[in-house]
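For reference, the chains in residue letters:
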Amino acid sequence: MTWEENLLFVKNLPYGRNSSRTDLSLIITENKGTCSSKHAYLKDFADKNGIPNIKLVVGIYKMNELNTKIGSILSENKIEYIPEAHCYLKVDGLRIDCTSSNSNFDKIKDDLLEEIEIEPYQVGDFKIEYHQNFIKNWLAENNSEISFEQIWKIREKCIENLST
């Protein structure tokens, strides 16, 4: 399979969490994946096949009901946005999002707060800790009355809505 064929194949796989965050082959055997598993798989493929200038990136963006199809859970909880960690690739500096067949990075580019480059093995614990620490700092900086546990539960509902 060529790089271009693999990009298209992964982009067309259904969105859904795999049974393990660290076993990248599961996107094939379980026929689904998230932004993390799909892009880590693609970065790993690129590395193993000597395809240069491919970076795996975690971007934190302001997830809201306009830029992400999460339903009305944020407005129901009187929350404007939640910082969400989203994985994608930078190919020769151009952001590529293969999360789903209708993914388009332009929907979130103006809401991007921060980006870091990671390695495929970091989509598990490292990404979760990075994301949770970002939210905890954001809540503290904004003197939020909502707890981390509450915001994480709301976020999980948003992600669940994405899967349907």
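Refer to the structure above for everything that follows.
Residues numbered from 1 in each chain as written. Predicted model: local features only at pLDDT ≥ 70, side-chain atom pairs only at ≥ 80, totals over all residues. Heavy atoms only, no water.

> Would you mind going over the overall build of the protein chain in detail, with residue names and values included?
For the protein chain, the count of helices and strands is 6 helices and 4 strands. Taken from N to C terminus, the helices and strands of the protein chain fall in the order α-α-α-β-α-β-β-β-α-α. By the compact-globule yardstick of 15 Å for 164 residues, the protein chain fits well, its C-alpha radius of gyration being 16 Å. Each of the three principal axes of the protein chain carries a C-alpha extent, and together these read 50 × 30 × 30 Å. Evaluated residue by residue, the protein chain yields a buried proportion of 48% over its 164 residues. (Helix = DSSP H or I, 4+ residues; strand = E, 2+ residues; numbered from the N terminus. Rg over C-alpha atoms; globule rule 2.2 N^0.38 Å. Buried < 20%, exposed > 50% of the residue type's maximum accessible area, 1.4 Å probe, protein only.)

> Outline the pattern of salt bridges, listing residues and values.
Within this structure, the stated rule accounts for 9 salt bridges. K48 is the salt-bridge partner of D44, the closest N and O atoms lying 2.9 Å from each other. Taken as a pair, D44 and K48 lie in helix α3 (residues 35–48) at a separation of 4 residues, close to a single helical turn. Since its relative accessible area comes to 65%, K48 is described here as exposed. Where K109 meets D106, a salt bridge forms, and the shortest distance between an N and an O atom there is 3.9 Å. Using a relative accessible area of 42% as the deciding quantity, one classes K109 as partly exposed. Among the residues examined, D106 registers a relative accessible area of 49% and is labelled partly exposed. Residues joined by salt bridges that share partners form a network here, namely R17, E84, R155 and E156. (Salt bridge = Lys/Arg side-chain N within 4 Å of Asp/Glu carboxyl O.)

> Give me the packing of aromatic side chains: which residues, what numbers.
Throughout the structure, instances matching the rule amount to 5 aromatic pairs. Here F126 and Y130 contribute two aromatic rings whose centre-to-centre distance is 6.2 Å and whose plane-to-plane angle is 5°, an arrangement assigned as stacked. Of this pair, F126 and Y130 both sit in helix α5 (residues 125–141), separated by 4 residues, roughly a single helical turn. On the basis of relative accessibility, which here comes to 38%, the residue F126 falls in the partly exposed class. Directly above the ring of Y81 sits K62, whose terminal nitrogen or CZ lies 5.2 Å from the centroid. (Phe/Tyr/Trp six-rings, centres within 6.5 Å; stacked < 30°, edge-to-face > 60°. Lys NZ or Arg CZ within 6 Å of the ring centre and 35° of its normal.)

> Explain the nonpolar core to me, using residue names and the numbers behind them.
Among the nonpolar cores identified, the biggest contains 25 residues, and W3, L42 and L89 are the most heavily contacted of them. Listed by contribution, the elements that provide at least two residues to this core are α1 (3–11), α3, β1 (54–63), β2 (82–91) and α5. Among the elements that line this core, the one with the most residues is α3, at 6 residues. Those residues in contact with L42, other than ones at most four positions away along the chain, are W3, N6, L7, V10, L89 and C98. Of all hydrophobic cores here, the second largest spans 20 residues; its members include I73, L74, I82 and C158. (Core = buried A, V, L, I, M, F, W, Y, C linked by side-chain atoms within 4.5 Å. Contact = heavy atoms within 4.5 Å.)

> Would you mind going over helix α6 (residues 148–162) in detail, with residue names and values included?
Since the α-helix advances by 3.6 residues per turn, residues separated by three or four positions end up pointing in the same direction. With 15 residues, α6 extends 21 Å between its outermost C-alpha atoms, agreeing within 8% with the 21 Å of an ideal straight helix rising 1.5 Å per residue. Among the residues of α6, F148, I151, W152, I154, R155, C158, I159 and N161 are the ones counted as buried. (Expected span 1.5 Å × (residues − 1).)

> Tell me about unusual backbone geometry, residues and numbers included.
Although it is not a glycine, N31 sits at a positive phi angle of roughly 55°. Within the fold, N31 resides in the loop between α2 (26–29) and α3.

> Can you explain the environment of E5? Please cite residues and give values.
Tracing the backbone shows E5 in helix α1. E5 gets classed as partly exposed once you look at its relative accessible area, which sits at 46%. C-alpha of E5 to C-alpha of D92: the two residues are 87 residues apart in sequence and 18 Å apart in space.

> Could you give an account of the pairing of β1, with specific residues and numbers?
The buried count for β1 comes to 8 of 10 residues, which makes it a mostly enclosed element. Note: β1 against β2, 10 bridges, orientation antiparallel. Looking at β2, one finds that V57 is bridged to Y88. Judged from the 6 bridges that link them, β1 and strand β4 (residues 112–118) form a sheet pairing that is antiparallel. Residue pairing in the sheet places G59 in a bridge with E115 of β4. (Pairing = 2+ DSSP bridges.)

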